[in-house]
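A closer look at the structure
What follows is each chain in one-letter form.
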Amino acid sequence: MSRPIIIRALRLRCVFLLIAIASAAAQSRIDCGAMNSRILKQVVHYCVYLPPGYDAGAAQHPPQRYPVLYFLHGLGDNEQTLFNSGGWTLLDDLRNQHKMGDFLIAAPEGRRSFYINSADGSVLYSDFFLREFLPHIESKYRIRAGRAGRAISGISMGGYGAVRFAFAHPELFSAVSAQSAALITESPRDLDAASQTGSPLVGILGAVFGKPIGVPHWNDNNPFVLAKRNAAALRKMAIYFNCGQDDNYGFEKGAAALHDELQKENVNHEYHAYPGDHSLSYFMSHFDEVMEFHSKAFAALLGTGSVN
């Protein structure tokens, strides 16, 4: 082989190598890890979606920082469920279609906590999330500091948790979304009565809210009460939620009630009552809408994470 041909072959190999490196740098990835929680006295797992270009952004001057969306999973799921059930593909598809900007999605392990401190104080999940998990994520990853770069979302139990966190701490979150949130309209007295029938949901609630349910603890974590208590601050928050009208647990009643309460308090929000039940297929069929909502909310505040 002649020298010119060898040189051309080497050049082509270099070009292909550079293309391969650029392609790898432009792909999203899921970074999963675990942290030792002093508050919970156990290891808590988590996964973080890193958008395309995140790694390359470290070389910029100054390094590129991103907004973050905290995603809370549903009962019986875990920190990997969103990404292992089609969410990762949908996220990349949305970006390829220029419907979504760049932000991180951090999903912690929530188990059966409902993401609150339990009535008996045995599981202080809310304290863990606010005092340990948020600082851990926002120091480990290149995240834009402050409320404008922080939002929260969830489905089912996680939808309740997202709304509860946002409504209780509007100083921390600029946007919140929820799908089929476990919003319960029954009173603690009604729930205690229903516990005698062996209702599985009421049994799970009792482990978190107490047996019988403690009214002060219930109200301190009640999104309807918090919506009224913090209405002025919520008027500065972007709010979105939806629910299937054939929800297996009747959560469509709670979604409609929250819609009514926010209207009474003159809190702007986006609410959708869609056909559908309480299932993964329902959640994923509207997942793109939720991500576009957060993309636009980040863009409005930061001029980034925007829909092109």
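In what follows, the structure referred to is the one given above.
Let me begin by describing the structure that accompanies this report. What you see is a predicted model, and the numbers here were worked out from it, not measured in a lab.

Right, let's get into the packing of aromatic side chains. Scanning all chains against the criterion turns up 19 aromatic pairs. Judged by centre distance (5.2 Å) and plane angle (55°), the rings of Phe103 and Phe298 are tilted. Taken as a pair, Phe103 in the loop between α3 (81–96) and β4 (104–108) and Phe298 in helix α13 (residues 287–302) lie far apart in primary sequence, 195 residues in all. Judged on exposure class, the residue Phe103 and its partner Phe298 are both buried. Grouped by ring-pair contacts, the aromatic residues Tyr46, Tyr70, Tyr115, Tyr125, Phe128, Phe129, Phe133 and Phe165 constitute a single cluster. For Arg142, the ring lying beneath its charged end belongs to Tyr54, and the centroid distance is 4.1 Å. The ring of Phe165 carries Arg164 above its face, with NZ or CZ at 4.7 Å from the centroid.

Turning next to the environment of Tyr274. With respect to the secondary-structure elements, Tyr274 resides in strand β8 (residues 270–274). Residue classification places Tyr274 among the buried residues on the basis of a relative accessible area of 17%. Only 3.4 Å separates the side chain of Tyr274 from the side chain of His272, close enough to count as a polar contact.

Among the structural elements, Asp288 can be located in helix α13. Residue Asp288 is classed as partly exposed on the basis of its relative accessible area of 30%. In the structure, Asp288 is positioned 198 residues away from Leu90 in sequence and 7.1 Å away in space, judged by C-alpha atoms.

Burial of strand β6 (residues 175–179) is extensive: five of the five residues sit out of reach of the surface. Two strands pair when backbone bridges link them, and strand β5 (residues 150–155) and β6 are joined in this way by five bridges, in the parallel orientation. Along β6, the bridge assignment pairs Ile155 with Gln179. With helix α5 (residues 157–168) bridging β5 and its parallel neighbour β6, the resulting β-α-β unit is right-handed. As paired strands, β6 and strand β7 (residues 238–244) are joined by five bridges and run parallel to one another. The partner of Ala175 across the bridge, within β7, is Ala238.

Before going further, it helps to examine the nonpolar core. By size, the foremost hydrophobic cluster in this structure holds 64 residues, and its most contacted members are Tyr70, Phe129, Ile152 and Phe167. Residues within four places of Phe129 in sequence aside, it is in contact with Tyr70, Leu72, Pro108, Leu134, Ile152, Phe165 and Phe173. By size, the runner-up hydrophobic cluster in this structure holds 27 residues, among which are Cys47, Leu69, Leu82 and Tyr240.

Here the focus is unusual backbone geometry. Going from His61 to Pro62, the amide bond is cis rather than trans, its omega being -5°. Summarising the element assignment, Pro62 is placed in the loop between α2 (54–57) and β3 (68–72). Between Lys211 and the following residue, Pro212, the backbone shows a cis peptide bond with an omega angle of -5°. For Pro212, the location among the structural elements is in the loop between α7 (200–209) and α8 (215–220). Positive phi, normally seen in glycine, also occurs at Tyr115, with a value near 65°. Structurally, the position occupied by Tyr115 is in the loop between β4 and α4 (125–140). For Tyr115, a relative accessible area of 0% gives the class buried. A positive phi angle is found at Ser156, which is not glycine, with a value near 55°. Within the secondary structure, Ser156 sits in the loop between β5 and α5. The buried category is assigned to Ser156, whose relative accessible area is 11%.

The rules behind each value
Residues numbered from 1 in each chain as written. Predicted model: local features only at pLDDT ≥ 70, side-chain atom pairs only at ≥ 80, totals over all residues. Heavy atoms only, no water. Phe/Tyr/Trp six-rings, centres within 6.5 Å; stacked < 30°, edge-to-face > 60°. Helix = DSSP H or I, 4+ residues; strand = E, 2+ residues; numbered from the N terminus. Buried < 20%, exposed > 50% of the residue type's maximum accessible area, 1.4 Å probe, protein only. Lys NZ or Arg CZ within 6 Å of the ring centre and 35° of its normal. Polar contact = N/O pair within 3.5 Å; in protein donor to acceptor, adjacent residues only side chain to side chain. Pairing = 2+ DSSP bridges. Right-handed = clockwise from strand over helix to strand, strands pointing away. Core = buried A, V, L, I, M, F, W, Y, C linked by side-chain atoms within 4.5 Å. Contact = heavy atoms within 4.5 Å.

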